[in-house]
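# Understanding the architecture of this molecule
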Amino acid sequence: MGKEFVKNITGMDEDFAQWYTDVVTKAELIDYSSVRGSMIIRPYGYALWENIKDALDKRIKETGHENVYMPLFIPESLLQREKDHIEGFAPEVAWVTHGGEEELQERLCVRPTSEVLFGEHYKNIIHSYRDLPKLYNQWANVVRWEKTTRPFLRTLEFLWQEGHTCHETDEDAHDETVKMLEVYAELCENILAIPVIKGQKTEKEKFAGAKYTYTIESLMHDGKALQSGTSHHLGDGFAKAFGIQFSDREGNLQYVQQTSWGFTTRIIGAMIMVHGDDRGLVIPPKAAPTQLMIVPIAQHKEGVLDFAYNLKDRLAGTVRVGIDASDKKPGWKFNEYEMKGIPLRLEVGPRDIENNQVVIARRDTGEKVTVSLDELESKIADLLDDVQNSLFEKALKHREEKTSIALNFEEFAEKLDSNKGFIKAMWCGDQVCEDKIKEETGATSRCIPFEEEKVSNDCVCCGKEANQLVYWARAY
């Protein structure tokens with residue numbers, strides 16, 4: 001069924017990159033713009049982002065944070081204030097050199113991130129321990145001049161939130177860093193049905209200018225990892241660069257301890273690659289712009305359309321519901337909404353009306369069930385819950401099946417190719433080994449997991465004594 005329609009989507013196992021491109025365009029999530037590496041987020045894609053954004057914004061506010069907005073442009077002299085930070089971002093910075101016809105006296109950076117802007121502001125408003133903590137968050141766009149781009153995953157401009165906070169003590173900043181990573185992890189697992197591994201980035205992979213970086217890592221269908229959210233303890237490096245000081249409880253001047261944390265539209269790419277299939281998108285119900293689509297059958301017959309619209313009105317208070325009353329054939333509609341990943345499809349025709357029932361099809365399994373109108377709301381709620389949970393369990397099972405243990409370098413390289421996914425292996429802590437693994441296998445360190453584990457006593461690369469287990473993978 002629908003073979004002619006879905007043949008326009010490349011098979012996942014045939015060419016995963018092309019499958020992804022086909023899905024994001026044919027499901028009308030994005031269109032390409034005239035600027036290389038930039039995307040137009042279409043209404044369906046933006047509605048998906050709004051649902052994710054709303055869920056995250058609610059959680060951010062529940063943890064005591066306030067939303068603010070910082071300027072788009074950063075003077076070059078301001079960006080230079082934190083040496084490690086600017087060195088980390090220099091290759092990706094876009095510069096404004098002219099205003100109208102005139103050349104600017106000082107170049108302006110189009111924000112790649114906003115640490116320096118917050119640093120400048122915090123210096124002006126923080127004076128005493130009574131002013132702390134400062135818990136700010138910004139929803140914004142940022143620009144990073146990427147060489148290789150792909151919709152949602154890596155674009156010149158993307159949407160995100162960036163949290164920036166100031167604290168009295170190192171411990172307070174640490175607690176904030178952990179707390180916000182947990183918020184990201186909970187959102188990924190409970191809203192997007194994406195299982196994540198929580199851990200710390202290596203020194204090489206941490207955020208430029210940070211004391212340390214915590215991350216959540218997820219595994220895509222093709223066995224590549226995706227960094228899905230990061231939370232950084234910045235220490236007092238930015239505070240010293242910008243002079244953010246406060247009088248402590250004993251009257252002594254101290255530098256604040258800072259954090260920053262971010263979550264971006266790339267999570268939509270993760271959702272697509274974790275749950276999608278050869279028919280297109282599969283969207284978890286909690287994130288879906290439309291959770292249930294009503295498709296009238298034989299809608300030209302008397303009473304069918306009225307009945308379908310009455311059903312929509314009835315369900316509007318309990319589920320995000322749509323209806324397709326266009327003159328397109330039911331088969332076309334079925335394929336369209338399967339490709340768009342809508343969790344449930346409700347079919348109703350003259351015979352169903354006569355029998356006081358409807359037929360509901362699940363997007364994840366294709367299973368159809370006949371449901372009495374008397375129990376429609378409760379059955380829809382149960383089905384949505386089951387689809388949500390099933391998608392998470394399926395993704396978790398896939399990750400577990402694609403996670404291998406390697407005890408030496410030969411085994412590492414072999415398993416990375418034979419069972420594409422995560423490799424759990426010990427590491428001595430030397431960046432030389434980390435660099436060699438990347439150079440010879442293409443795998444990078446994803447994180448040192450919080451849940452400590454030991455699979456051997458020796459570094460997978462050099463064979464020396466090792467105490468840290470690292471998750472490795474090829475990654476987006």
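Being a predicted model, the structure only gives us computed values, none of them experimental. Each chain has its residues counted from 1, running along the sequence as written. The model is predicted, so local features are restricted to residues of pLDDT at least 70 and side-chain atom pairs to those at 80 or more, both for listing and for counting; the totals for chains, interfaces and linings are taken over all residues. Water and hydrogen atoms were dropped before computing side-chain values, which therefore reflect all heavy atoms in the structure.

### Notes on helix H13 (residues 376-401)
Residues three or four positions apart in an α-helix share a direction because the helix packs 3.6 residues into each turn. Note on conventions: DSSP H or I runs of at least 4 residues are helices, E runs of at least 2 residues are strands, and numbering of each starts at the N terminus. Expected helix span is computed as 1.5 Å times (number of residues minus one). Spanning 26 residues, H13 covers 37 Å between terminal C-alpha atoms, matching the ideal 38 Å at 1.5 Å per step. Relative accessibility thresholds used throughout: buried, under 20% of the residue-type maximum; exposed, over 50%; partly exposed, between the two (1.4 Å probe, protein chains only). Buried within H13 are the following residues: Leu 376, Ile 380, Leu 383, Leu 384, Val 387, Gln 388, Leu 391, Phe 392, Ala 395, Leu 396, His 398 and Arg 399.

### Overview of the pairing of strand E22 (residues 444-449)
Within E22, 6 of the 6 residues are buried, leaving the element largely enclosed by the surrounding structure. Direction of pairing for strand E9 (residues 197-200) relative to E22: antiparallel, over a ladder of 2 bridges. Paired with Gln 200 across the two strands is Ile 448, which belongs to E22. Judged from the 3 bridges that link them, E22 and strand E23 (residues 468-473) form a sheet pairing that is antiparallel. Residue pairing across strands places Thr 444 opposite Ala 473, the latter belonging to E23. We treat two strands as partners when DSSP finds at least two bridges between them.

### Some details on the domain arrangement of the protein
Marked domain ranges trace back to an automatic or database domain assignment. Along its sequence, the protein is carved into domain 1 (16-275), domain 2 (292-384) and domain 3 (405-473). In this structure, domain 2 and domain 3 have C-alpha centres spaced 50 Å apart.

### Remarks on the sheet that holds strand E6 (residues 102-110)
Pairing in this open sheet of 3 strands is antiparallel, and the strands run E4-E6-E5 from one edge to the other. Here the strands that pair on one side only, and so sit at the sheet edges, are strand E4 (73-75) and strand E5 (94-99). Geometrically, the sheet is characterised by an average inter-axis angle of 45° between neighbouring strands, direction not taken into account. As paired strands, E4 and E6 are joined by 3 bridges and run antiparallel to one another. Along E6, the bridge assignment pairs Pro 75 with Leu 108. Here an axis means a line fitted to C-alpha atoms, over the contact stretch when the element is a helix, while the angle between two N-to-C directions is reported on a 0 to 180 degree scale.

### Overview of the sheet that holds strand E21 (residues 422-427)
Sheet architecture is open: 11 strands sit in the order E3-E7-E8-E14-E11-E10-E9-E22-E23-E21-E20, paired in mixed fashion. The outermost strands of the open sheet, each flanked by one partner alone, are strand E3 (66-68) and strand E20 (403-405). Each adjacent strand pair in this sheet contributes to an overall mean axis angle of 35°, direction not counted. Sheet topology places E3 next to strand E7 (residues 134-143); 3 bridges connect them, and they run parallel. For Glu 66, the partnering residue across the bridge sits in E7 and is Tyr 136. Here helix H9 (residues 266-275) sits on the sheet and contacts strand E10 (212-219), strand E11 (225-235) and strand E14 (257-264); the angle it forms with E11, its principal contact strand, is near 145°. Note on definitions: a residue-residue contact is assigned when non-hydrogen atoms from the two residues lie within 4.5 Å.

### Some details on the environment of Leu 159
With respect to the helices and strands, the residue Leu 159 is situated in strand E8 (residues 157-167). The residues touching Leu 159, leaving out its near neighbours within four places in the chain, are Ile 41, Tyr 46, Trp 49, Ala 140, Asn 141, Thr 264 and Thr 265.

### Topic: the packing of aromatic side chains
Note on aromatic pairs: the rings of Phe, Tyr and Trp (six-membered ring only in Trp) are paired at centre separations within 6.5 Å, and the planes decide the class, stacked below 30 degrees, edge-to-face beyond 60, tilted for the rest. Applying the stated criterion to the full structure yields 13 aromatic pairs. On the numbers, 6.5 Å between centres and 65° between planes, the contact of Tyr 184 with Trp 261 is edge-to-face. Taken together, the residues span a long stretch of sequence, with Tyr 184 in helix H7 (residues 170-190) and Trp 261 in strand E14 at a distance of 77 residues. Think of it as a cone above the ring: NZ of Lys or CZ of Arg counts as a charge over the ring if it is within 6 Å of the ring centre and within 35 degrees of the ring normal. Directly above the ring of Tyr 476 sits Lys 224, whose terminal nitrogen or CZ lies 4.9 Å from the centroid. Above the face of the Phe 409 ring, Lys 436 is positioned so that its terminal group lies 5.0 Å from the ring centre.

### Some words on the pattern of salt bridges
Salt bridge, as applied in this entry: a Lys or Arg side-chain nitrogen positioned within 4 Å of an Asp or Glu carboxyl oxygen. Taken as a whole, this structure holds 28 salt bridges when the rule is applied. Notably, a salt bridge pairs Arg 154 with Glu 146, separated by 3.3 Å at the nearest N-O pair. With a relative accessible area of 32%, Arg 154 lands in the partly exposed category. Exposure remark for Glu 146: the relative accessible area of 11% places this residue in the buried category. In this structure, the salt-bridge partner of Arg 446 is Glu 217, at a minimum N-O distance of 3.1 Å. With Arg 446 in strand E22 and Glu 217 in strand E10, the pair connects residues that are 229 residues apart, well separated along the chain. Residue classification places Arg 446 among the buried residues on the basis of a relative accessible area of 6%.

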